[in-house]
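These are the residues of each chain, in order.
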Amino acid sequence: DGGITQSPKYLFRKEGQNVTLSCEQNLNHDAMYWYRQDPGQGLRLIYYSQIVNDFQKGDIAEGYSVSREKKESFPLTVTSAQKNPTAFYLCASSTTGNTEAFFGQGTRLTVV
Amino acid sequence: AQSVTQLGSHVSVSEGALVLLRCNYSSSVPPYLFWYVQYPNQGLQLLLKYTTGATLVKGINGFEAEFKKSETSFHLTKPSAHMSDAAEYFCAVRYSNSGYALNFGKGTSLLVTP
(Lines give C-alpha, C1' and ligand atoms only; values in the text may rest on other atoms or scores of the structure.)
Protein backbone atom coordinates (compact mmCIF):
# COMPACT_ATOMS: atom_id res chain seq x y z
CA ASP A 1 0.00 0.00 0.00
CA GLY A 2 1.17 3.51 -0.75
CA GLY A 3 1.63 5.89 2.10
CA ILE A 4 3.88 7.73 4.50
CA THR A 5 5.71 5.93 7.26
CA GLN A 6 7.03 7.73 10.30
CA SER A 7 9.21 6.05 12.86
CA PRO A 8 9.41 5.61 15.71
CA LYS A 9 5.89 6.26 16.98
CA TYR A 10 7.17 7.26 20.43
CA LEU A 11 10.61 8.69 21.17
CA PHE A 12 12.23 9.75 24.40
CA ARG A 13 15.23 12.03 24.48
CA LYS A 14 17.45 13.31 27.23
CA GLU A 15 18.10 17.03 27.38
CA GLY A 16 21.12 18.03 25.35
CA GLN A 17 20.84 15.16 22.87
CA ASN A 18 20.09 15.34 19.17
CA VAL A 19 17.47 12.94 17.84
CA THR A 20 16.38 12.09 14.29
CA LEU A 21 12.83 11.34 13.23
CA SER A 22 12.33 9.24 10.14
CA CYS A 23 9.84 9.89 7.34
CA GLU A 24 9.55 7.71 4.24
CA GLN A 25 6.97 7.87 1.45
CA ASN A 26 6.23 5.62 -1.50
CA LEU A 27 3.68 7.89 -3.15
CA ASN A 28 6.22 9.28 -5.63
CA HIS A 29 5.52 12.78 -4.33
CA ASP A 30 8.05 15.53 -5.01
CA ALA A 31 7.14 17.72 -2.02
CA MET A 32 7.55 16.78 1.64
CA TYR A 33 6.90 18.67 4.86
CA TRP A 34 7.45 18.56 8.60
CA TYR A 35 4.94 20.00 11.05
CA ARG A 36 4.96 20.32 14.79
CA GLN A 37 1.71 19.98 16.73
CA ASP A 38 1.15 21.31 20.24
CA PRO A 39 -2.20 21.30 22.08
CA GLY A 40 -4.33 24.27 21.05
CA GLN A 41 -1.82 25.55 18.50
CA GLY A 42 -2.70 23.59 15.43
CA LEU A 43 0.09 22.50 13.10
CA ARG A 44 3.11 24.71 12.53
CA LEU A 45 5.43 24.27 9.57
CA ILE A 46 9.06 23.45 10.43
CA TYR A 47 10.67 22.68 7.04
CA TYR A 48 9.55 21.79 3.56
CA SER A 49 11.17 20.40 0.45
CA GLN A 50 9.87 20.62 -3.10
CA ILE A 51 12.63 18.62 -4.75
CA VAL A 52 15.54 16.39 -3.88
CA ASN A 53 18.59 18.19 -2.46
CA ASP A 54 16.61 21.34 -1.76
CA PHE A 55 14.64 22.43 1.31
CA GLN A 56 13.36 25.61 2.88
CA LYS A 57 12.68 26.85 6.39
CA GLY A 58 9.11 27.10 7.57
CA ASP A 59 7.72 29.21 10.38
CA ILE A 60 9.55 27.52 13.28
CA ALA A 61 12.82 26.10 11.89
CA GLU A 62 15.10 27.17 14.75
CA GLY A 63 16.57 24.15 16.53
CA TYR A 64 15.73 21.75 13.70
CA SER A 65 17.55 20.46 10.63
CA VAL A 66 16.56 18.30 7.66
CA SER A 67 18.03 16.61 4.61
CA ARG A 68 16.53 15.46 1.33
CA GLU A 69 19.02 13.13 -0.32
CA LYS A 70 16.36 10.83 -1.76
CA LYS A 71 12.91 11.54 -3.10
CA GLU A 72 11.38 9.04 -0.70
CA SER A 73 13.01 10.25 2.51
CA PHE A 74 12.91 13.47 4.53
CA PRO A 75 14.39 12.95 8.01
CA LEU A 76 14.09 15.61 10.69
CA THR A 77 16.75 16.15 13.35
CA VAL A 78 15.74 17.83 16.56
CA THR A 79 18.89 19.39 17.91
CA SER A 80 19.86 20.37 21.44
CA ALA A 81 19.28 23.98 20.39
CA GLN A 82 15.53 23.36 20.33
CA LYS A 83 14.46 24.63 23.74
CA ASN A 84 11.08 22.96 23.97
CA PRO A 85 11.13 19.86 21.76
CA THR A 86 8.39 17.86 23.46
CA ALA A 87 5.60 17.70 20.85
CA PHE A 88 3.84 15.58 18.26
CA TYR A 89 5.66 15.68 14.90
CA LEU A 90 3.88 15.05 11.62
CA CYS A 91 5.41 14.41 8.23
CA ALA A 92 3.43 14.98 5.03
CA SER A 93 3.90 14.81 1.29
CA SER A 94 2.13 16.07 -1.81
CA THR A 95 2.50 16.53 -5.50
CA THR A 96 3.80 19.91 -6.63
CA GLY A 97 0.42 21.36 -7.39
CA ASN A 98 -2.64 22.63 -5.61
CA THR A 99 -3.53 19.28 -4.15
CA GLU A 100 -3.91 17.96 -0.69
CA ALA A 101 -1.11 16.77 1.56
CA PHE A 102 -0.98 13.19 2.82
CA PHE A 103 0.13 12.64 6.39
CA GLY A 104 2.02 10.01 8.31
CA GLN A 105 0.87 8.73 11.70
CA GLY A 106 3.19 10.99 13.63
CA THR A 107 6.01 10.67 16.15
CA ARG A 108 5.50 11.75 19.73
CA LEU A 109 8.77 13.10 21.13
CA THR A 110 9.21 13.52 24.86
CA VAL A 111 12.22 15.07 26.52
CA VAL A 112 13.04 13.40 29.83
CA ALA B 1 -0.46 35.96 3.51
CA GLN B 2 -2.94 33.15 3.38
CA SER B 3 -4.30 32.09 6.77
CA VAL B 4 -7.39 30.57 8.35
CA THR B 5 -9.23 31.19 11.60
CA GLN B 6 -11.34 28.50 13.21
CA LEU B 7 -14.02 29.87 15.50
CA GLY B 8 -14.49 27.78 18.61
CA SER B 9 -11.76 25.52 19.94
CA HIS B 10 -14.40 23.13 21.32
CA VAL B 11 -17.82 22.30 19.94
CA SER B 12 -20.30 19.92 21.59
CA VAL B 13 -23.32 18.43 19.83
CA SER B 14 -25.79 15.70 20.60
CA GLU B 15 -25.83 12.53 18.55
CA GLY B 16 -28.12 13.11 15.57
CA ALA B 17 -27.79 16.90 15.69
CA LEU B 18 -26.32 19.18 13.04
CA VAL B 19 -22.56 19.64 13.09
CA LEU B 20 -21.26 23.10 12.13
CA LEU B 21 -17.55 23.89 12.38
CA ARG B 22 -16.55 27.38 11.33
CA CYS B 23 -13.57 28.45 9.25
CA ASN B 24 -12.79 31.88 7.84
CA TYR B 25 -9.86 32.52 5.56
CA SER B 26 -7.66 35.43 4.64
CA SER B 27 -6.16 35.36 1.20
CA SER B 28 -4.98 37.84 -1.38
CA VAL B 29 -5.52 35.34 -4.17
CA PRO B 30 -8.20 32.73 -4.87
CA PRO B 31 -7.66 30.24 -2.06
CA TYR B 32 -7.34 26.49 -2.07
CA LEU B 33 -9.07 25.28 1.11
CA PHE B 34 -9.05 21.98 2.95
CA TRP B 35 -10.66 20.28 5.93
CA TYR B 36 -8.83 17.50 7.76
CA VAL B 37 -9.82 15.24 10.66
CA GLN B 38 -7.49 13.85 13.32
CA TYR B 39 -8.21 11.07 15.79
CA PRO B 40 -6.12 10.85 18.98
CA ASN B 41 -2.45 10.11 18.43
CA GLN B 42 -2.91 9.71 14.69
CA GLY B 43 -2.10 11.64 11.56
CA LEU B 44 -4.49 13.83 9.60
CA GLN B 45 -6.99 12.51 7.09
CA LEU B 46 -8.46 14.66 4.33
CA LEU B 47 -12.22 15.20 4.60
CA LEU B 48 -12.69 17.46 1.59
CA LYS B 49 -11.09 20.22 -0.44
CA TYR B 50 -12.05 23.24 -2.51
CA THR B 51 -9.87 24.25 -5.42
CA THR B 52 -12.03 25.65 -8.21
CA GLY B 53 -15.50 25.06 -9.61
CA ALA B 54 -18.52 24.10 -7.54
CA THR B 55 -18.63 25.97 -4.26
CA LEU B 56 -20.45 23.21 -2.37
CA VAL B 57 -17.98 20.43 -1.77
CA LYS B 58 -18.90 16.98 -0.55
CA GLY B 59 -16.43 14.88 1.36
CA ILE B 60 -16.14 11.61 3.19
CA ASN B 61 -18.25 10.43 6.11
CA GLY B 62 -21.20 12.66 5.14
CA PHE B 63 -19.38 15.97 5.60
CA GLU B 64 -19.66 18.90 3.24
CA ALA B 65 -18.46 22.49 3.11
CA GLU B 66 -19.45 25.57 1.15
CA PHE B 67 -16.99 28.12 -0.16
CA LYS B 68 -18.46 31.61 0.25
CA LYS B 69 -16.20 34.24 -1.23
CA SER B 70 -18.36 37.15 -0.04
CA GLU B 71 -18.06 35.93 3.54
CA THR B 72 -14.51 34.55 3.21
CA SER B 73 -15.79 31.39 4.83
CA PHE B 74 -15.48 27.64 4.36
CA HIS B 75 -17.62 26.14 7.11
CA LEU B 76 -17.86 22.38 7.58
CA THR B 77 -21.25 20.76 8.15
CA LYS B 78 -22.83 17.36 8.65
CA PRO B 79 -26.60 16.93 8.98
CA SER B 80 -26.53 14.30 11.70
CA ALA B 81 -23.65 13.68 14.11
CA HIS B 82 -22.46 10.19 14.97
CA MET B 83 -20.46 9.23 18.02
CA SER B 84 -17.63 8.26 15.69
CA ASP B 85 -17.36 11.90 14.50
CA ALA B 86 -15.74 12.91 17.79
CA ALA B 87 -12.27 14.11 16.79
CA GLU B 88 -10.14 17.18 16.10
CA TYR B 89 -10.92 19.07 12.89
CA PHE B 90 -8.53 21.36 11.07
CA CYS B 91 -9.18 23.88 8.33
CA ALA B 92 -6.22 24.71 6.09
CA VAL B 93 -5.27 27.00 3.24
CA ARG B 94 -2.27 26.83 0.99
CA TYR B 95 0.60 29.14 1.97
CA SER B 96 1.44 31.90 -0.46
CA ASN B 97 5.20 31.66 -0.02
CA SER B 98 6.05 28.18 1.28
CA GLY B 99 5.89 26.02 -1.78
CA TYR B 100 2.82 23.82 -1.60
CA ALA B 101 2.67 23.66 2.19
CA LEU B 102 -0.64 24.10 3.99
CA ASN B 103 -1.26 26.71 6.68
CA PHE B 104 -3.54 25.23 9.36
CA GLY B 105 -5.98 26.73 11.78
CA LYS B 106 -5.69 25.92 15.47
CA GLY B 107 -8.29 23.21 15.26
CA THR B 108 -11.74 22.52 16.69
CA SER B 109 -12.35 19.59 18.99
CA LEU B 110 -15.77 18.04 18.35
CA LEU B 111 -17.49 16.26 21.21
CA VAL B 112 -20.57 14.16 20.45
CA THR B 113 -22.81 13.32 23.40
CA PRO B 114 -25.38 10.50 23.51
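Student: How should the sheet that holds strand 3 (residues 19–25) of chain A be read in this particular structure?
Tutor: Adjacent strands of a sheet pair through backbone hydrogen bonds, lying either parallel or antiparallel. Residue and element names in this part refer to chain A. As summarised here, the arrangement of the four strands in space is 1-3-8-7, forming an open sheet in which the pairing is antiparallel. For this open sheet the edge positions go to strand 1 (4–7) and strand 7 (64–66), each flanked by a neighbour on one side alone. For this sheet the average axis-to-axis angle between neighbouring strands, irrespective of direction, equals 20°. As defined by bridge partners, strand 1 adjoins strand 3 across four bridges and the pair is classed as antiparallel. When the bridges of strand 3 are listed, Ile-4 appears paired with Gln-25.

Student: Would you mind showing me how to read the state of the cysteines here?
Tutor: As used in these notes, a disulfide is a covalent bond between sulfur atoms, one from each of two cysteines. Within the structure shown, the criterion is met by two disulfides over all chains. Covalently, Cys-23 of chain A is tied to Cys-91 of chain A through a disulfide, its sulfur atoms 1.9 Å apart. The chirality of the disulfide connecting Cys-23 of chain A with Cys-91 of chain A is left-handed, given an S-S dihedral of about -75°. On the criterion of sequence distance, the pair formed by Cys-23 of chain A in strand 3 and Cys-91 of chain A in strand 9 (residues 87–94) is long-range, its members being 68 residues apart. In terms of burial, Cys-23 of chain A and Cys-91 of chain A fall into one category: buried. Paired through a disulfide, Cys-23 of chain B and Cys-91 of chain B show a sulfur-sulfur distance of 2.0 Å. Taking the sign of the S-S torsion, about -65° here, the bridge from Cys-23 of chain B to Cys-91 of chain B comes out left-handed.

Student: Quick question: what am I supposed to make of the layout of surface pockets here?
Tutor: One water molecule sets the probe size; rolling that probe over the atoms shows where empty space is left. What the largest pocket holds in volume is close to 430 Å³. Gln-37, Pro-39 and Gly-40 of chain A together with Gln-38 and Glu-88 of chain B are the residues nearest the centre of the largest pocket, which is lined by 22 residues in total. Looking at the lining of the largest pocket, its residues break down into eight nonpolar, 10 polar and four charged.

Student: Sorry if this is basic, but what is going on with a nonpolar patch on the surface here?
Tutor: Together, Tyr-10, Phe-12 and Val-112 of chain A line one region of the surface with nonpolar side chains, adding up to about 350 Å² of accessible area. Topologically, Val-112 of chain A is positioned in the segment after strand 11 (107–111).

Student: Just to check I follow, could you spell out the side chain of Gln-38 of chain B for this structure?
Tutor: Tracing the sequence through the fold places Gln-38 of chain B in strand 4 (residues 33–38). With a relative accessible area of 7%, Gln-38 of chain B lands in the buried category. The contact partners of Gln-38 of chain B, leaving out residues within four places of it in the chain, are Gln-37, Phe-88 and Leu-90 of chain A together with Gly-43, Leu-44, Ala-87, Glu-88 and Phe-90 of chain B.

Student: I keep staring at unusual backbone geometry and nothing clicks. Help me out?
Tutor: Residue and element names in this part refer to chain A. With omega at -10°, the peptide bond leading from Ser-7 into Pro-8 counts as cis. Here Pro-8 lies in the loop between strand 1 and strand 2 (10–13). Positive phi is not limited to glycine here, since Asn-28 has a value of about 60°. For Asn-28, the location among the structural elements is in the loop between strand 3 and strand 4 (31–37). Classification of Asn-28 as exposed rests on a relative accessible area of 56%.

Student: I keep staring at the environment of Ser-73 of chain B and nothing clicks. Help me out?
Tutor: Residue and element names in this part refer to chain B. Tracing the sequence through the fold places Ser-73 in strand 8 (residues 73–78). Each C-alpha atom, one on Ser-73 and one on Arg-22, is 7.7 Å from the other, the two residues being 51 residues apart in sequence. In contact with Ser-73, other than residues within four places in its own chain, are Cys-23, Asn-24, Tyr-25, Glu-66, Phe-67 and Lys-68.

Conventions adopted
- Residues numbered from 1 in each chain as written.
- Chains lettered and ligands numbered in written order.
- Predicted model: local features only at pLDDT ≥ 70, side-chain atom pairs only at ≥ 80, totals over all residues.
- Heavy atoms only, no water.
- Pairing = 2+ DSSP bridges.
- Helix = DSSP H or I, 4+ residues; strand = E, 2+ residues; numbered from the N terminus.
- Axes fitted to C-alpha atoms, helices over the stretch in contact; angles between N-to-C directions.
- Disulfide = S-S within 2.5 Å.
- Buried < 20%, exposed > 50% of the residue type's maximum accessible area, 1.4 Å probe, protein only.
- 1 Å grid on protein atoms, 1.4 Å probe; cavity = no way out; pocket = protein on both sides within 12 Å on 5 of 7 lines; lining within 4 Å.
- Points joined across faces, edges and corners; volume = space filled by probe spheres on them.
- Nonpolar A, V, L, I, M, F, W, Y, C, P; charged D, E, K, R; others polar.
- Patch = residues over 30% accessible without salt bridge, like charges linked within 9 Å, V, L, I, M, F, W, Y side chains within 5 Å.
- Areas by Shrake-Rupley, 256 points an atom, 1.4 Å probe, with all protein chains shown as cover.
- Salt bridge = Lys/Arg side-chain N within 4 Å of Asp/Glu carboxyl O.
- Contact = heavy atoms within 4.5 Å.

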